[in-house]
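Letter by letter, the chains look like this.
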Amino acid sequence: MDNGTEREKLFTALDAETTTRFSWLDQRALKAYFGLVSTDRLSSHERDGLIGLVTSHAQLGRMRAPREDLVRVIGPTQTREGWSMGATIVQTVTDDRAFLVESVVRTLESMGHHILEVVHPLLRVERDNEGAVTSMGADSGEVESWITIHIPRVEDAAEAGRIESSVLAVLDDLRDAVDDWGQMASLMRDLATSIQHEEFANLLRWLTDDEFTFLGRIRYEIGADDQVRADPSTALGLARNHPDIADLPLDTSSRRDRWANHEVLVVQGPRHSRVQRPGWQHIIAVKIADEQGQWVAEERFVGLFAETMMTGPVSRVPVLRSIACRVLEHLGVQANSHAGRSLLHRLDEYPREALFHADVEDLAAGALGLRDSNHHSDATLLLEVDPFEPVS
């Protein structure tokens, strides 16, 4: 029997059960729901388990208000629910948007839960004025994301509650970030036109071309007392609910003097990201001057550099490629020489947020040994850079 015939028989059998509970959960809906699940994978589960899985999800998503995020964490057993998948099931229903699966998966993994299986159909769902589902899997209706993730059994009810609240929180964060993404990217492009430093202007434009995941933005006003204060009315993305998300340790005049003449600052932020992937958030601060040339505000963007930006060659990144060229020039090394290639390789491994503000002479001094020998393949270029420390 071929896979197509086997699938048809399975969906016919499931339909006989699911439509008795939800009239709209018919073969068309089942084919859409399990469309990206292989026949072998479907066959590895008991039929009662598949029915329980999809009807549980249908129960969660049967009523939903516009823009509402729904989450359920269940640990079905044969004795209690009449079906089991041998795992705890995390199910969500929400609007389709970028980074959904990655963000939910990373949230669960960060809590110590191993991912066993993921089912993620994008479904066309029609709802009535009350938010009740009337059809699923047709060519009309809004696209919704229905995610099911299997993790090892969670017996502790309190932990199940933490999972639910954590997934809801990351979905809320993700909605804020995605909703405002275009506005934040547009603002960064506009700011690039006012930047005097050409390479940093190029950097801002370059980052808006999918090299930076925009999570939040907020404007900080620089007062007459030289103190920097966030303006919550300017918040976008995650900053709407977390107005301190872009706070930096610029709490003393001596620290602010460290970058008094810099228009743009690129630093690692104080928070870990819950959206897209784990890791420290990055902050890009852009200074705003008045007509007299006095700094009056800072626009701060919070987000994640693309992985290609963090691990790829510095030669493709505005600002960093200029720094690399100046280091080679300072050392009198040609880029296509052995010493030059070795040095560029070390710079490629350097933490990006520190490299943006590293002193060329310090970098050159730290890398000098690489020019003098071909036997330093294990050498590591280390240089601590704190852009907030006052210049001695």
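Residues numbered from 1 in each chain as written. Predicted model: local features only at pLDDT ≥ 70, side-chain atom pairs only at ≥ 80, totals over all residues. Heavy atoms only, no water.

K.L.:
Help me out: how do you make sense of the overall build of the chain in this one?
P.N.:
The number of helices and strands found in the chain is 13 helices and eleven strands. Residues counted as buried form 48% of the 392 residues belonging to the chain. A fraction of 65% describes how many contacts in the chain between residues 6 or more apart in sequence connect residues 24 or more apart. In the form shown here, the chain has an accessible surface area of approximately 18,800 Å², with 47% of it arising from carbon and sulfur atoms. (Helix = DSSP H or I, 4+ residues; strand = E, 2+ residues; numbered from the N terminus. Buried < 20%, exposed > 50% of the residue type's maximum accessible area, 1.4 Å probe, protein only. Contact = heavy atoms within 4.5 Å. Areas by Shrake-Rupley, 256 points an atom, 1.4 Å probe, with all protein chains shown as cover.)

K.L.:
Explain the pattern of salt bridges to me, please; I cannot follow it from the model alone.
P.N.:
It is possible for side chains bearing opposite charge to pair when their charged atoms get close. Tallied over the full model, the rule gives 21 salt bridges. As a salt-bridge pair, Arg67 and Asp179 come within 2.6 Å of each other at their nearest N and O atoms. Of the two residues, Arg67 is situated in the loop between helix 4 (47-61) and strand 1 (70-74) and Asp179 in helix 6 (residues 157-192); the sequence distance between them amounts to 112 residues. According to the relative accessible area criterion, Arg67 is partly exposed, its value standing at 47%. With its nearest N and O atoms 3.0 Å apart, the salt bridge here joins Arg175 to Asp95. Of this pair, Arg175 sits in helix 6 while Asp95 sits in strand 2 (residues 88-95); the two residues are 80 residues apart in sequence, bridging distant segments of the chain. (Salt bridge = Lys/Arg side-chain N within 4 Å of Asp/Glu carboxyl O.)

K.L.:
Which parts of the structure should I look at to understand helix 5 (residues 100-110)?
P.N.:
In an α-helix, one turn spans 3.6 residues, which is why side chains three or four residues apart end up on the same side. Every buried residue of helix 5 is accounted for by Leu100, Ser103, Val104, Val105, Thr107 and Leu108. Packed against the buried residues of helix 5 are strand 2, strand 6 (142-151) and helix 6. Phi turns positive, to about 90°, at Gly112, one or two residues after helix 5.

K.L.:
Help me understand the packing of aromatic side chains, please; the structure alone is not making it clear to me.
P.N.:
Each aromatic ring pair is specified by the distance between its two centres and by the angle formed by the two planes. One pass over the full model with this rule turns up nine aromatic pairs. Three or more aromatic residues joined by ring pairs make a cluster, and in this case those are Phe99, Trp181, Phe212, Phe214, Phe301, Phe305 and Phe356. When the ring centre of Tyr220 is taken as reference, the NZ or CZ atom of Arg300 above it lies at 4.0 Å. (Phe/Tyr/Trp six-rings, centres within 6.5 Å; stacked < 30°, edge-to-face > 60°. Lys NZ or Arg CZ within 6 Å of the ring centre and 35° of its normal.)

K.L.:
Would you take a moment to explain the sheet that holds strand 11 (residues 295-305) for this structure?
P.N.:
Reading across from one edge, 8-7-11-10-9 is the order of the five strands in this open sheet, with antiparallel pairing throughout. Edge positions in the sheet fall to strand 8 (228-237) and strand 9 (264-272), since each of these pairs with one other strand and no more. For this sheet the average axis-to-axis angle between neighbouring strands, irrespective of direction, equals 30°. Sheet analysis places strand 7 (residues 212-222) next to strand 11, joined by nine bridges and oriented antiparallel. In the strand pairing of strand 11, Thr213 is matched with Leu304. Here helix 6 sits on the sheet and contacts strand 7, strand 8, strand 10 (280-289) and strand 11; the angle it forms with strand 7, its principal contact strand, is near 65°. Lying on the sheet, helix 7 (residues 198-207) is in contact with strand 7, strand 9, strand 10 and strand 11; it crosses strand 10 at an angle near 130°. (Pairing = 2+ DSSP bridges. Axes fitted to C-alpha atoms, helices over the stretch in contact; angles between N-to-C directions.)

K.L.:
What is the right way to look at the nonpolar core in this model?
P.N.:
Nonpolar side chains in soluble globular proteins generally cluster together in the buried interior. Core analysis: the largest hydrophobic core is formed by 46 residues, its most contacted members being Leu203, Ile284 and Phe356. Here Leu203 is in contact with Val266, Val317, Pro318, Val319 and Phe356, once residues within four sequence places are set aside. Counting residues in hydrophobic clusters, the runner-up holds 38 residues, among them Val154, Ala177, Ile222 and Ala235. (Core = buried A, V, L, I, M, F, W, Y, C linked by side-chain atoms within 4.5 Å.)

K.L.:
Is there a simple way to explain the packing of helix 5 against helix 6 in this structure?
P.N.:
When two helices pack together, their arrangement is captured by the angle between the axes and the distance separating the axes. For the pair helix 5 and helix 6, interaxial distance at closest approach is 10 Å and the crossing angle is 145°. Read as a crossing pair, helix 5 and helix 6 show a hand that is right-handed. Of the residues in helix 6, those touching helix 5 at Leu100, Ser103, Val104, Thr107 and Leu108 are Ile163, Ser166, Val167, Val170, Leu171 and Leu174. The residue makeup of the contact of helix 5 with helix 6, split by class, is eight nonpolar, three polar and no charged. (Left-handed = near helix turned anticlockwise from the far one by under 90°. Nonpolar A, V, L, I, M, F, W, Y, C, P; charged D, E, K, R; others polar.)

K.L.:
Looking at this structure, how should I read the environment of Trp24?
P.N.:
Assignment of secondary structure puts Trp24 in the loop between helix 1 (3-18) and helix 2 (27-33). Assessed through its relative accessible area of 9%, Trp24 is described here as buried. A C-alpha to C-alpha distance of 9.3 Å links Trp24 and Gly137, two positions 113 residues apart in sequence. Here Trp24 is in contact with Ala29, Ala58, Arg62, Val133, Thr134, Ser135, Met136 and Trp146, once residues within four sequence places are set aside.

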